[in-house]
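Structural characterization, general
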Amino acid sequence: MEKRELLYDGKAKQIFATDDPKYVIMNYKDDASAYYGVKKSSIKDKGMMNCHISEIIFNYLQKCGIKTHLVKCIDDNNMLCRRVKAIPLEFIVRNLIAGSLARRLDIQEGTMPQSPIYEICLKSDLLRDPMINRFHVKALGYATDETLDAILKMLKQVNEALQKLFRQVDIDVVDFKLEFGFDNDGELILIDEISPDTARFWDSNSKEILDSDRFRRDLGQVEEAYHEVLDRLQKLTSNLD
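Scope of this entry: the structure provided in the associated data block.

Criteria and thresholds
- Residues numbered from 1 in each chain as written.
- Predicted model: local features only at pLDDT ≥ 70, side-chain atom pairs only at ≥ 80, totals over all residues.
- Heavy atoms only, no water.
- Helix = DSSP H or I, 4+ residues; strand = E, 2+ residues; numbered from the N terminus.
- Rg over C-alpha atoms; globule rule 2.2 N^0.38 Å.
- Buried < 20%, exposed > 50% of the residue type's maximum accessible area, 1.4 Å probe, protein only.
- Areas by Shrake-Rupley, 256 points an atom, 1.4 Å probe, with all protein chains shown as cover.
- Lys, Arg positive; Asp, Glu negative; His and termini not counted.
- Charge placed at Lys NZ, Arg CZ, Asp CG, Glu CD.
- Salt bridge = Lys/Arg side-chain N within 4 Å of Asp/Glu carboxyl O.
- Pairing = 2+ DSSP bridges.
- Axes fitted to C-alpha atoms, helices over the stretch in contact; angles between N-to-C directions.
- Contact = heavy atoms within 4.5 Å.
- Polar contact = N/O pair within 3.5 Å; in protein donor to acceptor, adjacent residues only side chain to side chain.
- Core = buried A, V, L, I, M, F, W, Y, C linked by side-chain atoms within 4.5 Å.
- Parallel < 35°, antiparallel > 145°, perpendicular 65-115°, else oblique.
- Left-handed = near helix turned anticlockwise from the far one by under 90°.
- Nonpolar A, V, L, I, M, F, W, Y, C, P; charged D, E, K, R; others polar.
- Expected span 1.5 Å × (residues − 1).

Right, let's get into the overall build of the chain. Check the secondary structure of the chain and you find 6 helices and 14 strands. The C-alpha atoms of the chain give 17 Å as radius of gyration, which agrees with the globular expectation for 241 residues (18 Å, within 12%). Referenced to the eigenvectors of the C-alpha coordinate spread, the extents of the chain come out at roughly 45 × 45 × 40 Å. Here the chain holds 241 residues, and 49% of them are scored as buried. Looking at the chain as shown, the accessible area adds up to about 12,300 Å², and 49% of this sits on carbon and sulfur atoms. Positive and negative side-chain charges in the chain, numbering 35 and 41 respectively, have mean positions lying 3 Å apart.

For the structure shown, the criterion picks out 28 salt bridges. Linking Lys67 and Glu187 is a salt bridge whose minimum nitrogen-to-oxygen distance equals 2.9 Å. In this pair, Lys67 sits in the loop between α1 (46-63) and β6 (70-73) while Glu187 sits in the loop between β12 (171-182) and β13 (188-191), placing the two residues 120 residues apart along the sequence. Here the salt bridges share partners, and the residues they tie into one network are Arg94, Arg104, Glu109, Glu119, Asp175, Arg200, Asp213, Arg216 and Arg217.

Now for the pairing of strand β1 (residues 3-9). Pairing of β1 with strand β2 (residues 13-18) involves 4 bridges; the strand directions are antiparallel. When the sheet's bridge partners are listed, Asp9 is paired in β2 with Gln14. Linking β1 back to β2 in an antiparallel pair, the connection comprises 3 residues.

It is worth spelling out the sheet that holds β6 at this point. Whenever strands of a sheet pair, they do so through backbone hydrogen bonds, lying parallel or antiparallel. Sheet architecture is open: 5 strands sit in the order β1-β2-β3-β7-β6, paired in antiparallel fashion. Of all the strands in the sheet, just β1 and β6 have a single pairing partner and so form its edges. For this sheet, the mean angle separating the axes of adjacent strands, direction not counted, is 30°. As judged from the 3 bridges shared by β6 and strand β7 (residues 78-82), these two strands associate in the antiparallel manner. Paired with Cys73 across the two strands is Met79, which belongs to β7. Along the sheet face, α1 touches β3 (23-28), β6 and β7 and points at about 135° away from the line of β6.

On to the side chain of Thr18. If you trace the backbone, Thr18 turns up in strand β2. Here Thr18 falls in the buried class, since its relative accessible area comes to 8%. Here Asp20 takes part through its backbone oxygen, which lies 2.8 Å from a polar atom of the side chain of Thr18. In this structure the side chain of Thr18 is engaged in a polar contact, spanning 2.9 Å, whose partner is the backbone oxygen of Tyr23. When near neighbours in sequence (up to four residues on either side) are disregarded, Thr18 contacts Met1, Glu2, Arg4, Tyr23, Val24, Ile25 and Leu80.

Moving on, we come to the nonpolar core. One finds Ile57, Leu61, Leu162, Phe166, Phe180 and Leu233 to be the most contacted residues of the largest nonpolar core, which totals 58 residues. The residues touching Leu61, leaving out its near neighbours within four places in the chain, are Ile66, Thr68, Val158, Ala161, Leu162, Leu190 and Ile194. By size, the runner-up hydrophobic cluster in this structure holds 5 residues, among which are Leu96, Val174, Trp202 and Ile209.

Moving on to the packing of α1 against helix α4 (residues 145-167). Their axes nearest at 10 Å, the elements α1 and α4 cross at an angle of 120°. Judged by the inter-axis angle, α1 sits oblique to α4. At the point where α1 passes α4, the crossing takes the right-handed sense. Here Ile57, Tyr60 and Leu61 of α1 come into contact with α4, specifically with Val158, Ala161, Leu162, Lys164, Leu165 and Phe166. When the residues that make up the contact of α1 with α4 are grouped by side-chain class, the tally is 8 nonpolar, no polar and 1 charged.

This next bit is on the environment of Ile171. Its location among the elements puts Ile171 in strand β12. Remark: the alpha-carbon pair of Ile171 and Trp202, spanning 31 residues in sequence, is separated by 5.6 Å. Excluding anything up to four places from it in sequence, Ile171 contacts Phe166, Phe201, Trp202, Ser204, Leu210, Val229 and Arg232.

What follows is about α4. Between the first and last C-alpha of α4 there are 33 Å, a value that for 23 residues agrees with the 33 Å anticipated at 1.5 Å per step. Among the residues of α4, Thr147, Leu148, Ile151, Met154, Leu155, Val158, Asn159, Ala161, Leu162, Leu165 and Phe166 are the ones counted as buried.

Function cannot be read off these values alone, since they describe shape.
Written out as structure tokens, the structure is:
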């Protein structure tokens, strides 16, 4: 499939049109950023690692009956995806208290809530992804109640599937961010990526951080942490095959 004009150039990914209007090519970059672009750097092989981590996770989710935009990986950094009309919202699932939620509520990181916490943010770097609720979403026309109910159902399904997958590689899924969109047939599907850029992963035994918090917090060994997540998932999937 032929790669054509650049449609979107984000902090960590680019999206290109193709010669088929139903599909796009998503390019994963090595660029790293934090605090809404205030802190920037480049991490060796990050694009490749996130591309393959997302590929493994999306393939697993599709086997679980959760539809995603993934078609296939073209190479180490490029993924062929279904073209979608994205919903301008980010949905966060929190299984443990960490990051901004810990600071906002003055709760110790690692605390387990009585049930998973679901949050909605408007996707806007300019506004620093402000948190909103479903009343804002409906009143401002970002999504209907029907769509929000369908997304909430998918959030629960994805969370259950991710925890089952990552338990097998001794990693805790602390929290993660998801995005959704409608494909050319009007079907709601999971889009974007699931990687150490968009999720918090902790080693189940040592509680070592294996995600982009290593970059945000200047903990070092960022590349090694991403490699660890990819290596564990690749070993698991090769054994399953």
